[in-house]
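What the coordinates show
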Amino acid sequence: MNALLPLPTAPLPPGAVHVPGWLTLDQQRELVAACRAWAVGPVPIRHTRLPNGGVMSVRTVCIGWHWQPYRYTRTAGDVNGQRVAAFPDWMVRLGRRAVLDAYGDEAAAAAYAPDTALINHYDGQAKLGMHQDKDEKSSAPVVSLSIGDTCVFRVGNTETRNRPYTDIELASGDLFVFGGPSRFLYHGVPRILEGTADPATGLTSGRLNITMRVTGLTDTHPTP
Ligand code: SIN
Ligand code: MN
């Protein structure tokens, strides 16, 4: 086999779409600046504590709704009790464009109304184990944006956290959407390729990932 040819990559499961280089450098810079401000407060970025006493290696700040394992609330009782920053309209519009470009479905894009985003920062050693995003009471797609260091992103299946899975790389500016039959697929980040980022994004180290979601919750019907 000719080692110069790239290895064939397994196709992604239906409903999972990877759009490399979706964000311009300017858009990445603007997102980095917005995330930097949200990381300060009103609820500062933190390593989330897990119910088993462990601490996640990624640091997370949320907007719209605050996520802690395994529920959403408006205030961050596990951090400082403050209400999280509002989910801005410009991010709703960005999410709609992402759904349109991923699926080419104008009605699905117009109906997409993300109301929360988890913003994760990974240093070179951080990882995220295989999991499903299933604390949302909605099956609307998850829109994921990556900035900074490239990562290995493990795209699994909806049945088990184990094989079959496909490892792809998510680089700075990439869009990944998982919806439809892939909405509840297991996924994780086994590795960050440290030092691969272009500092022109304004991110000085590590990887930033933003996942927009639709919680399906309202203030009168929050997570039980
Ligand atoms: C997540 O699963 O919540 C984040 C995924 C990523 O960092 O790409
Ligand atoms: Mn996830």
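Described below are features of the structure shown in this document. These numbers come from a predicted model, not from an experiment.

1. Overview of the site of ligand 1
The environment of ligand 1 is formed by Asn120, Tyr122, Leu128, His131, Phe153, His187, Val189, Arg207, Asn209 and Arg213. Between ligand 1 and histidine 187 there is a distance of 2.9 Å, counted from an oxygen atom to a side-chain nitrogen or oxygen. Interatomic distance of 2.8 Å between a side-chain N/O atom of arginine 207 and an oxygen atom of ligand 1. Look at ligand 1: alone it shows 260 Å² of surface, and the protein chains cover 96% of it. When contributions to the shell around ligand 1 are tallied by element, the ones reaching two or more residues are strand 6 (116-122), strand 7 (128-131), strand 12 (187-192) and strand 13 (207-213). Among the elements that take part in the shell around ligand 1, strand 13 stands out by supplying three residues, more than any other. Within the shell around ligand 1, the residues separate by chemical class into four nonpolar, four polar and two charged.

2. Here's the deal with the pairing of strand 13
Burial runs high along strand 13: seven of the seven residues are buried. Here strand 13 shows a buried face lined by Arg207, Asn209, Thr211 and Arg213 and a second buried face lined by Leu208, Ile210 and Met212. Examined bridge by bridge, strand 8 (residues 142-148) and strand 13 share six bridges and lie antiparallel to one another. Residue pairing across strands places leucine 145 opposite isoleucine 210, the latter belonging to strand 13.

3. Examining the coordination of the manganese ion (ligand 2)
Protein ligation of the manganese ion (ligand 2) involves His131 (NE2), Asp133 (OD) and His187 (NE2), the donor distances falling in the range 2.1 to 2.2 Å. Summarised as a motif, the one-chain spacing of the donors to the manganese ion (ligand 2) is H-x1-D-x53-H. In this pair, aspartate 133 sits in the loop between strand 7 and strand 8 while histidine 187 sits in strand 12, placing the two residues 54 residues apart along the sequence. The class for aspartate 133 is buried, based on a relative accessible area of 3%.

4. Let's talk about the environment of glutamine 82
Relative to the elements of secondary structure, glutamine 82 occurs in the loop between strand 5 (71-73) and helix 2 (89-103). For glutamine 82, a relative accessible area of 40% translates into the label partly exposed. Beyond its immediate chain neighbours, meaning those up to four positions away, glutamine 82 contacts Pro42, Val43, Arg74, Thr75 and Ala76.

5. A closer look at the sheet that holds strand 1 (residues 16-19)
Backbone-to-backbone hydrogen bonds pair the strands of a sheet. The strands run either parallel or antiparallel. In space, the seven strands of this open sheet follow the order 1-11-8-13-6-3-2, with antiparallel pairing throughout. On the outer flanks of this sheet lie strand 1 and strand 2 (46-49), each paired with one strand and no other. Averaged over all pairs of adjacent strands, the angle between their axes in this sheet comes to 30°, without regard to strand direction. As paired strands, strand 8 and strand 11 (residues 175-178) are joined by four bridges and run antiparallel to one another. What sits directly across from leucine 145, in strand 11, is leucine 175. Where helix 2 meets the sheet, it contacts strand 1, strand 3 (55-63), strand 6, strand 8, strand 11 and strand 13, and its direction lies at approximately 80° from that of strand 11.

6. Focus: the sheet that holds strand 10 (residues 166-170)
Spatial strand order, 7-12-9-10: four strands in an open sheet with antiparallel pairing. Because the sheet does not close on itself, it has two edges, and the strands there are strand 7 and strand 10. Averaged over all neighbouring strand pairs, the angle between strand axes comes to 25°, with direction disregarded. Here strand 9 (residues 151-155) runs beside strand 10; their pairing, made up of five bridges, is antiparallel. Bridge pairing in strand 10 places arginine 154 opposite aspartate 167.

7. Looking at the environment of glycine 129
Within the secondary structure, glycine 129 sits in strand 7. In contact with glycine 129, other than residues within four places in its own chain, are His187 and Gly188.

8. Looking at the layout of surface pockets
Estimated volume of the largest pocket: approximately 640 Å³. Considering the residues around the largest pocket, the lining is formed by 34 residues, among which Met56, Trp67, Leu128, His131 and Asp133 are closest to the centre. At the level of elements, strand 3, strand 6, strand 7, strand 12 and strand 13 are the ones that each hand at least two residues to the lining of the largest pocket. Looking at the lining of the largest pocket, the element that brings in the most residues is strand 3, giving five residues.

9. Examining the nonpolar core
Counting residues in each nonpolar core, the largest one holds 34 residues, and the members touching the most others are Met91, Leu145 and Met212. Listed by contribution, the elements that provide at least two residues to this core are strand 1, helix 1 (25-40), strand 3, helix 2, strand 6, strand 8, strand 11 and strand 13. At six residues, helix 2 tops the list of elements feeding residues into this core. The next biggest cluster of nonpolar side chains, apart from the first, holds 23 residues, and it includes Ala126, Ile168, Phe178 and Ile192.

Cut-offs used in this document
Residues numbered from 1 in each chain as written. Chains lettered and ligands numbered in written order. Predicted model: local features only at pLDDT ≥ 70, side-chain atom pairs only at ≥ 80, totals over all residues. Heavy atoms only, no water. Near = heavy atom within 4 Å. Polar contact = N/O pair within 3.5 Å; in protein donor to acceptor, adjacent residues only side chain to side chain. Areas by Shrake-Rupley, 256 points an atom, 1.4 Å probe, with all protein chains shown as cover. Helix = DSSP H or I, 4+ residues; strand = E, 2+ residues; numbered from the N terminus. Nonpolar A, V, L, I, M, F, W, Y, C, P; charged D, E, K, R; others polar. Buried < 20%, exposed > 50% of the residue type's maximum accessible area, 1.4 Å probe, protein only. Pairing = 2+ DSSP bridges. Donors = N, O, S within 2.8 Å, 3.2 Å for Na, K, Ca; no water. Contact = heavy atoms within 4.5 Å. Axes fitted to C-alpha atoms, helices over the stretch in contact; angles between N-to-C directions. 1 Å grid on protein atoms, 1.4 Å probe; cavity = no way out; pocket = protein on both sides within 12 Å on 5 of 7 lines; lining within 4 Å. Points joined across faces, edges and corners; volume = space filled by probe spheres on them. Core = buried A, V, L, I, M, F, W, Y, C linked by side-chain atoms within 4.5 Å.

Geometric descriptors of this kind do not, in isolation, establish any biological role.
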